[in-house]
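Residue-level listing of the chains:
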Amino acid sequence: MIDTVDVSRLQFAFTIGFHILWPAYSIGIASFVALLNALWVFTNRPVYQQLLLFWQRLFALGFAMGVVTGVVLSYQIGGNWSEFARETGPVIGPLFTYEVLTAFFLEAGFLGIALLGERRVGRGWHLFASVMVALGTIFSAFWVLAANSWMQTPAGAIRASNGVFHVVDWWAVVFNPSFPFRFAHMVCACFITGALIVAGVSAIQLLKRGTPQHGTVALSLALWLLLILAPLQIFLGDAHGLNTRQHQPVKLAAIEGRWDTAREVPLTLFALPDQTQERNRAAIEIPHLGSLILTHQWDGEVRGLKEVTADLRPNVTLVFFAFRIMAGIGFAILLLTLAGAWLRWRGRLFHARAYHWMLVFAMPLGWFALLAGWIVTEAGRQPFVVYGYLRTADAAAPVGVGATLFSLLLFAVVYASLFLGFAWYFVRMVTRGPEDLSTPKPLANSRIATVPKLISPLPASPRSGNTA
Amino acid sequence: MTNMDSVLPLIFAALTLGSVLAYVLMDGWDLGVGILFPLVARRADTHALFDSIAPFWDANETWLVFGGMMLLTGFPLAYATLLPHVYLPLFIMLVSLVLRGVSYEFQEQGGALQRLWQLAFALGSIVAALCQGWILGVIVEGVEPPSGEVGTFEMLGRRLFPPLCALGVLGGYALLGSCWLILKTRGALQVFGREVALSALILTGVALAAISAWTPMISPHVARRWFTPANLAVLWVLPAAACWFAWRLKASLWADRDGRPLLWAVLLFLTGFAGIAVSTYPYIVPYRYTVFDAANDATALRFAGVGVLIVLPITILYLSLAYRVFHGKVLEQGDPQIASVPHIGARRTSVQPADLHMS
């Protein structure tokens, strides 16, 4: 029988999973835009300005998606998880407030300037604004991830008898044990997501138009970034895993599909975990490698799921496979990047059409890995919402299952149409390419070309006066 | 507990109320413009209509997020009690706002689907306004201790107060929207604003009067608040002011100064808002938890308060600057200003409009 908790979890997973695509996109693309802006200011090459205008437009499209889908989440915590809100309000409330304030301050103040264009404010200020927007997106992630990490590894608070957490040390709350690792891993994931999208869009330009300069320059930039980021992410992921082993051993055991505590454990490449019989079927294993990766020792001890009772274990199959999807995509991205480096070394990077097609299809890989990674960390925290303290089942609101199903259905319909809308306009902008921007011509929508609504910010322009 | 700590809940109550008010007034006029969209027939007018709210609407919506966060941070108990109680209208509103927000961005892109996205924008505006009114009605009616499931729409026949509030808010936003059009546009669209404002005013006024008469019957707390002789001696000012503002608003609709109708409409809203605040104070969850019952720990309020103290004044300054920058009428095709600044037209094709994007 389906109950409110299940539907609420499904709804939260769906809405936050849909939302996280856009901050990831925005964080990655905002930093790329800031990089292009800096290159344009310091090298004066027109191709950077052309790319800057192009990517600013693509950034704004994804950013708007993030803004509107984010509003929902701030109310969902109360609507679906009111008991969680009541008990953790003293901890997560201020963290979310700082997130909103960061967004208010940096993004509101500077995004307007960044999008206004350098003609209005001068090149120096324009670059400054672009950098501040990029920093703003990262600082927003800082606060959200501090709150999320606190739910994984709570610290700095004591819990009263009525369940409410009271903060005694804010520093310990924000910089809780898993936060630095999760933050670094997530920001790097966002950069990779952005770099893959840049690479794919540039590949489309090369496939459509021969070798335009903007295409080769952006593709080259994206692949250089990936060459640094992809190995870095594997290193950060490993560090994050060690941290999880220390603070959330049960989650790690689920990731590994390990039931019994043992030394010299193998690495399980594939298996079908059986939660009721507490064992793996059809396991493919490499001896010793598990201990080596997880403990950095040949015979390190890894704790198993059987250390806790069955009701304290997460859904092993879900966590196990989500992790393998994430890690598999991570290595696929690394291979793709290395292939690009090899082609570059051979001087064939801008003419290898098969490789360009691969980049086009690799565009969403960052998103897939990111979602899989979040499933690992969130599903791996179950059955708790605040790890070790508050069970997810006890955190739900007293809302009926019918109402919850109805809202889930609404979200599914509206979000699906939003995604189609985004894809439609994204493809349109990408296929028109940056050249469309450098030769101004009236768009089909003549209003845009002839009726500017931003008259007044230009000091020299005549103000639109009151006619009355 | 220091002296400061006992004032903190009141400060956060003011912040919450202030952001809700800022949201209702500012998103009110762009929601209102969305509500009026289906009534506008000429295509040229619909363009001017969208242009009039372009730089503002998403910044306005930010106050909703800020208000929600102030409620969670200031009063977790109130946040956790109220939100499930208004679950369905709240979530339908949120979905409508999502639909509306993204439809706006998409219709900006032009293309074959533009008309469809514009209609989606209007639909989102109307449903969001109705839901906000419904939420207000449920909260003012008072939140009973939970017994079983909460948050569903109950039978219309059994509860008339929330739908009445929904109509009132729809009319109120349409009023703000039409006054906004009077201020920001010219020609046929402005005349449309003047004409439709009167209908919206009548709807708002009737709903406001009915709500005012009804609330004292809902709760003994509200009745006591208003009809204690000592209170009544002061509080009669509110309904009297509301009547006077409505009268002045009607008189200003066809007068010379285009900003006046919006001013009177805002003042009318303020009296309605003050009336609700007076009725329910000191309850933040009406008739169940007071501001002090539900307040967060002083340590949480202090920690969050520092950030609010720094950022909020800067933001308000920035936003008022933005409203100044974009003041005046929306330009239309054939305006002499446009011919004299051709490069702006060129610029508009090359970058996004400088909206006040926030999250």
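Residues numbered from 1 in each chain as written. Chains lettered and ligands numbered in written order. Predicted model: local features only at pLDDT ≥ 70, side-chain atom pairs only at ≥ 80, totals over all residues. Heavy atoms only, no water.

### Overview of the overall build of chain A
Then, in step 1: If you tally the helices and strands in chain A, you get 16 helices and six strands.
Then, in step 2: Taken over C-alpha atoms, the radius of gyration comes to 24 Å for chain A, in line with the 23 Å a tight globule of 468 residues would show.
Then, in step 3: Overall, chain A is about 70 × 65 × 40 Å in size when its C-alpha atoms are taken along their principal axes.
Then, in step 4: Taking all 468 residues of chain A together, 59% fall into the buried category.
Then, in step 5: Put simply, of all contacts in chain A between residues at least 6 apart along the chain, 77% involve residues at least 24 apart.
Then, in step 6: Total accessible area on chain A is roughly 18,300 Å²; 68% of this is exposed by carbon and sulfur atoms.
Then, in step 7: Charged side chains in chain A number 33 positive and 23 negative. The centres of these two groups are separated by 16 Å. (Helix = DSSP H or I, 4+ residues; strand = E, 2+ residues; numbered from the N terminus. Rg over C-alpha atoms; globule rule 2.2 N^0.38 Å. Buried < 20%, exposed > 50% of the residue type's maximum accessible area, 1.4 Å probe, protein only. Contact = heavy atoms within 4.5 Å. Areas by Shrake-Rupley, 256 points an atom, 1.4 Å probe, with all protein chains shown as cover. Lys, Arg positive; Asp, Glu negative; His and termini not counted. Charge placed at Lys NZ, Arg CZ, Asp CG, Glu CD.)

### Some words on the environment of Phe54 of chain A
Then, in step 1: Within the element layout of this structure, Phe54 of chain A appears in helix 2 (residues 46-80).
Then, in step 2: For the pair Phe54 of chain A and Ala38 of chain A, spaced 16 residues apart in sequence, the C-alpha separation works out to 15 Å.

### Here's the deal with the confidence of the model for chain A
Residues and elements named next belong to chain A.
Then, in step 1: Overall, the prediction assigns chain A a mean pLDDT of 84, with 91% of residues at 70 or greater.
Then, in step 2: Here helix 16 (residues 446-450) stands out as the least confident element of chain A, with mean pLDDT 30; helix 13 (residues 365-379) is the most confident, with 94.
Then, in step 3: Counting interchain partners and residues more than four positions distant, the pLDDT-below-50 stretch residues 439-468 has 84 contacts. (pLDDT = per-residue confidence, 0-100.)

### Focus on the environment of Leu90 of chain B
Then, in step 1: Assignment of secondary structure puts Leu90 of chain B in helix 5 (residues 87-108).
Then, in step 2: In this structure Leu90 of chain B comes out as buried when scored by relative accessible area, which is 4%.
Then, in step 3: Sequence separation between Leu90 of chain B and Ala128 of chain B is 38 residues, and the spatial gap between their C-alpha atoms is 8.9 Å.
Then, in step 4: Excluding residues that lie within four positions of it along the chain, Leu90 of chain B makes contacts with Tyr75 of chain A together with Leu83 and Ile135 of chain B.

### Here we look at unusual backbone geometry
Backbone geometry follows two general trends: most residues other than glycine have a negative phi, and most peptide bonds adopt the trans configuration.
Then, in step 1: The linkage connecting Gln382 of chain A with the following residue, Pro383 of chain A, adopts the cis geometry, with an omega of 5 degrees.
Then, in step 2: Its location among the elements puts Pro383 of chain A in the loop between helix 13 and strand 5 (384-386).
Then, in step 3: For the peptide bond that leads from Tyr281 of chain B to Pro282 of chain B, omega is 5 degrees, which places it in the cis range.
Then, in step 4: Structurally, Pro282 of chain B can be placed in the loop between helix 12 (260-280) and strand 1 (283-285).
Then, in step 5: In this structure, Glu278 of chain A takes a positive phi of about 55 degrees despite not being glycine.

### Points about the packing of aromatic side chains
Residues and elements named next belong to chain B.
Then, in step 1: What the rule picks out here adds up to 46 aromatic pairs over all chains.
Then, in step 2: Their ring planes at 5 degrees and their centres at 6.3 Å tell us that Tyr173 and Phe269 sit as a pair that is stacked. Of this pair, Tyr173 sits in helix 7 (residues 161-184) while Phe269 sits in helix 12, and the two are 96 residues apart along the sequence.
Then, in step 3: Judged by its relative accessible area of 2%, Tyr173 is buried. (Phe/Tyr/Trp six-rings, centres within 6.5 Å; stacked < 30°, edge-to-face > 60°.)

### Some remarks on the environment of Trp117 of chain B
Then, in step 1: With respect to the helices and strands, Trp117 of chain B occurs in helix 6 (residues 114-141).
Then, in step 2: Under the relative-accessibility criterion, Trp117 of chain B is labelled buried at 9%.
Then, in step 3: Placed ten residues apart in sequence, Trp117 of chain B and Val127 of chain B show a C-alpha to C-alpha distance of 15 Å.
Then, in step 4: When sequence neighbours within four positions are dropped, the list of residues in contact with Trp117 of chain B reads Ser417, Gly421 and Tyr425 of chain A together with Ser103, Phe106 and Gln107 of chain B.
Then, in step 5: Here Tyr425 of chain A takes part through its side chain, which lies 3.4 Å from a polar atom of the side chain of Trp117 of chain B. (Polar contact = N/O pair within 3.5 Å; in protein donor to acceptor, adjacent residues only side chain to side chain.)

### Section: helix 2 of chain A
Then, in step 1: In this model, helix 2 of chain A (35 residues) spans 51 Å end to end at C-alpha, consistent with the 51 Å of a helix rising 1.5 Å per residue.
Then, in step 2: Of all the bends in helix 2 of chain A, the greatest measures close to 30 degrees and is centred on Ser74 of chain A. (Expected span 1.5 Å × (residues − 1). Bend = angle between axes of the 7 residues up to and from the residue.)

### So, the pattern of salt bridges
Then, in step 1: For the coordinates displayed, the defined rule picks out eleven salt bridges over all chains.
Then, in step 2: As a salt-bridge pair, Arg381 of chain A and Glu378 of chain A come within 3.2 Å of each other at their nearest N and O atoms.
Then, in step 3: By relative accessible area, which is 5% here, Arg381 of chain A ends up buried.
Then, in step 4: On the accessibility criterion, Glu378 of chain A (23% relative accessible area) is partly exposed.
Then, in step 5: A salt bridge links Asp30 of chain B to Arg100 of chain B; its shortest N-O distance comes to 2.5 Å. Of this pair, Asp30 of chain B sits in helix 1 (residues 3-36) while Arg100 of chain B sits in helix 5, placing them 70 residues apart in sequence. By the burial criterion, Asp30 of chain B is buried, and Arg100 of chain B matches it.
Then, in step 6: Beyond isolated ion pairs, a larger network of salt bridges with shared partners links Glu83, Arg86, Glu87 and Arg159 of chain A. (Salt bridge = Lys/Arg side-chain N within 4 Å of Asp/Glu carboxyl O.)

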